[in-house]
Structures are given as C-alpha cells and as structure tokens.
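Topology and contacts: notes
As a plain string of letters, each chain reads:
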Amino acid sequence: MIDLKKINKILISVENKVLIKLFFFSISAMLLEILSLAVLVPVLNIILNPSKLQEYLIILNLDFKISENTYADFIIYSLLTIFVIFFFKGLLLIKINFSQNKIIYRVKAKLSSILLKKYLSEKYSFHLKNNSTKLIHNTLSEVNRFTGEHLIPATTFITEILISLGLLFILLTVEPKGAFFTIILLILLLTLVTKFTKNIALDYGTKRQTNERISLKNLSQALTGIREVKILNKENKFIELFDTSNFAASDSIRNYNNFIVIPRIVIELIGVTSILFLIFFLMLSGREFEKIFTIISIFGIASFRFLPSFNRILIALQSLKYSIPSLNVVHEEISKTLNNIKKAT
C-alpha cells in the first residue's frame, strides 16, 4: 500500500528523521480530533437529556443538586468551552499543516538539487548514453510528482487513518454495536474499492510518465535543432509528434482526475445508508427515542469529520498508485547516488 522503505530511503538522503517528524504531526492531528469529539459527547448527552448531568456529577462523586438556572449556566459555559477548544484546535491544525508542508517542500527542493549534483558529477560518457531531456524530466517533473502525488498523499493517508481510528474508538464507547457495524461496512467498502481499482491508477500514472517524457524529448529536439527543422521544413512533423504524446499524457491525467471523483460519491451514499441503517437497528433493538436521538446526533457529528476523512484516504490510495512510477524513478536515482557515495568513502 505505502512503500515506507523506499520513501524513507529517499527522505534519509535529504535529512535524518523526516519520516519520524511527519508521523509525529499525524499523531498530533489525531489527538486533537479525538479531544474535540470526546468533549462533544458528554455535553451533547446533557443537552438532549438533562438528567444526565446529575448522573455525571454522581460518577464524579460531587454531591450537588441541579436547578434550572444551574443547568442553563452549565450549558452556556460548556458551549463556550467547546468553542474555545475547537478554535485552538483549528489554530494548531493550521500550524501542523504549515510545518508538514515546510518539511515536504524542503525535501522537494533538496531532491532536485541532489539529482542535479549527481548528473553533473557523472562522466561525459554517461551523458552520451542518457538523453538530457530524461535527466531534466527526472530532476524536475518526477521529483515534483513524487512530492505532490506520493509523499503528501502518504502523509495524508497515515494522518486520516489515525484520525479515523480515533473517531471509531469514541463511537465504540457511545454505541459499540453501531460502531462495530460501521467499521465492518467501511472495511468492506475499502476492500472492494481497492480490489476493483487495483491497477487503474497505476496504469494511468505509467502512461502519463511515458508520454510526458516523449513530449519533452520531441519539444527539446524541435527547439534545440530549430535550424535543421527550418532547413528541412519539418515543423509539421515535430508538431504532430509532440501533439500525439502530449494529448496522450493529457488524456491519462484527465482520466485519473475523473476516476478519483467516484469514491466521494460512493462514500456519501454509504454514509447516508449507514445512518439510516443505524436508526433502523436502534429502533428494532427497542431503544428509547431519546436515546436513539442522542446516539444519532453523536454519529452525525462524527460523520462530518469521518466521511471527508475516509474520502481523503481513498483519494490518497489512488494517488499513491498513480505516482508509483515517479516513486520508482526517484528511488532508483537516489539509490545510485547513495551507492556512489559509499564507493567513494
């Protein structure tokens, strides 16, 4: 699913502990999301069922009688507390996102620099055997693809998986059977989507990479050899060659972007179906309407975060497959660089 061994080898070539830092940010995001939902659960319980406040006080061994005014004050202070928690959670998540992007795009810049140094340090015979357009494509395009379409989705995947597990843990404490059903349903969905889309994204990514290289090669030959092109009257020939590969690459990108829209639509349908099934299940189990409403409210609030999270997981999975060709190119070039350094020492 995620080739952490290859990713880590690439990141180590830039600086140590990059993967650990990114994982730390993912854990931090998960804890913030769990905290925000964990605070909501008891408050929502009390709002929908005021008698719960007295029960919570008994659990905390607080001998305190609740009046209407006390209850109203408690709700007001609780809502203000929730606002403050969500406000600071938002600020911290923004900070985490900025820190992640700072690390990732520093990696991008350093990788391109490492590859350029590698190519410039090679013997002249190396450049005779390797087309310059391929080297340029590796240094810029493939590094950009690896960063934007593999490293960032890998970080997103890990973060959203951790957040989803945290949300499911909270839901298990509220309604174990309903949460268990949700987990089984999502696992089945993820398995089916992965099975039926196993090689589609990878195929689009391979075609994109091949045709972009051909396009860059034709473009480079046309412009660097413009004198010969003009003398031989070959303008239309180069335009035709460039258009063939360029449109093919564009079609691959278009097909991939069309393809990744489908999971979001499926997830929305599954989400609505899950809530409806949960209501039906709770009614059959003989739960009181008040209890059903409380549980559905909590699951509904969780779904506002969970469904987008699951959508990001599926999109990240497709992007990881789509960008495998770029991962392989960057890993291969970095491996050669590291081997050369070992030989030199």
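Keep in mind the model is a prediction, meaning the values are calculated, not measured.

1. Quick word on the nonpolar core
Residues I7, V107, L111, F146, L151, F310 and V330 are the most contacted members of the largest nonpolar core, which totals 59 residues. Among the secondary structure elements, those contributing two or more residues to this core are α1 (4–14), α2 (18–48), α4 (68–121), α6 (132–174), α7 (176–196), α11 (262–284), α12 (289–322) and α13 (324–344). Ignoring sequence-local partners within four residues, the contact set of V107 consists of L11, V14, V18 and L151. Y204, Y256, I260 and Y322 belong to the second-largest nonpolar core, a separate cluster that totals six residues.

2. Regarding the pattern of salt bridges
All chains considered together, the criterion is met by 13 salt bridges. Note that E212 and R145 form a salt bridge whose closest N and O atoms lie 2.7 Å from each other. Residue E212 is found in helix α8 (residues 200–224), and its partner R145 is found in helix α6; the two are separated by 67 residues along the sequence. Note that E212 is salt-bridged to R208, the shortest N-O span being 3.0 Å. In this pair, E212 and R208 both sit in helix α8, four residues apart, roughly one turn of the helix. Since its relative accessible area comes to 19%, E212 is described here as buried. Here the salt bridges do not stand alone but share partners, grouping K118, E122, E332, E333 and K336 into one network.

3. Some words on α1
Within α1 the residues assigned to the buried category are I7, I10, L11, S13 and V14. In an axial view of α1, the angular spread of the buried residues amounts to 155 degrees, which keeps them on one side of the axis.

4. Observations regarding a nonpolar patch on the surface
A cluster of nonpolar side chains, F83, V84, F87, F88, L91, I94 and F98, forms an exposed patch at the surface whose accessible area comes to about 730 Å². Relative to the helices and strands, F83 resides in helix α4. Overall, F83 belongs to the exposed group, its relative accessible area being 57%.

5. Structural notes on the packing of α8 against helix α10 (residues 235–259)
In contact at an axis separation of 8 Å, α8 and α10 are set at 155 degrees when each is read in the N-to-C sense. It follows from the interaxial angle that α8 and α10 lie roughly antiparallel. At the point where α8 passes α10, the crossing takes the left-handed sense. Tallied by class, the residues present in the contact of α8 with α10 amount to 14 nonpolar, eight polar and three charged.

6. Description of α8
For α8, spanning 25 residues, the distance from its first C-alpha to its last is 36 Å, which sits close to the expected 36 Å at 1.5 Å a residue. Within α8, burial applies to A201, Y204, G205, R208, Q209, N211, E212, S215, N218 and A222.

7. A short note on the side chain of E160
One can find E160 in helix α6. Note on E160: relative accessible area 6%, which makes it buried. Excluding residues within four positions of it along the chain, E160 makes contact with R305, S309, R312 and I313.

8. Remarks on the packing of α6 against α8
Two numbers describe how α6 lies on α8: the axes approach to 10 Å, and their chain directions differ by 135 degrees. As the angle between them shows, α6 and α8 are arranged oblique. When the axes of α6 and α8 are compared, the crossing they make is right-handed. Of the residues in α8, those touching α6 at T133, H137, N138, E142 and R145 are R208, Q209, E212, R213, L216, K217 and S220. When grouped by side-chain class, the residues that make up the contact of α6 with α8 number one nonpolar, five polar and six charged.

Cut-offs applied
- Residues numbered from 1 in each chain as written.
- Predicted model: local features only at pLDDT ≥ 70, side-chain atom pairs only at ≥ 80, totals over all residues.
- Heavy atoms only, no water.
- Core = buried A, V, L, I, M, F, W, Y, C linked by side-chain atoms within 4.5 Å.
- Buried < 20%, exposed > 50% of the residue type's maximum accessible area, 1.4 Å probe, protein only.
- Helix = DSSP H or I, 4+ residues; strand = E, 2+ residues; numbered from the N terminus.
- Contact = heavy atoms within 4.5 Å.
- Salt bridge = Lys/Arg side-chain N within 4 Å of Asp/Glu carboxyl O.
- Arc of directions from axis to C-beta.
- Patch = residues over 30% accessible without salt bridge, like charges linked within 9 Å, V, L, I, M, F, W, Y side chains within 5 Å.
- Areas by Shrake-Rupley, 256 points an atom, 1.4 Å probe, with all protein chains shown as cover.
- Axes fitted to C-alpha atoms, helices over the stretch in contact; angles between N-to-C directions.
- Parallel < 35°, antiparallel > 145°, perpendicular 65-115°, else oblique.
- Left-handed = near helix turned anticlockwise from the far one by under 90°.
- Nonpolar A, V, L, I, M, F, W, Y, C, P; charged D, E, K, R; others polar.
- Expected span 1.5 Å × (residues − 1).

Distances and angles like these do not, on their own, reveal function.
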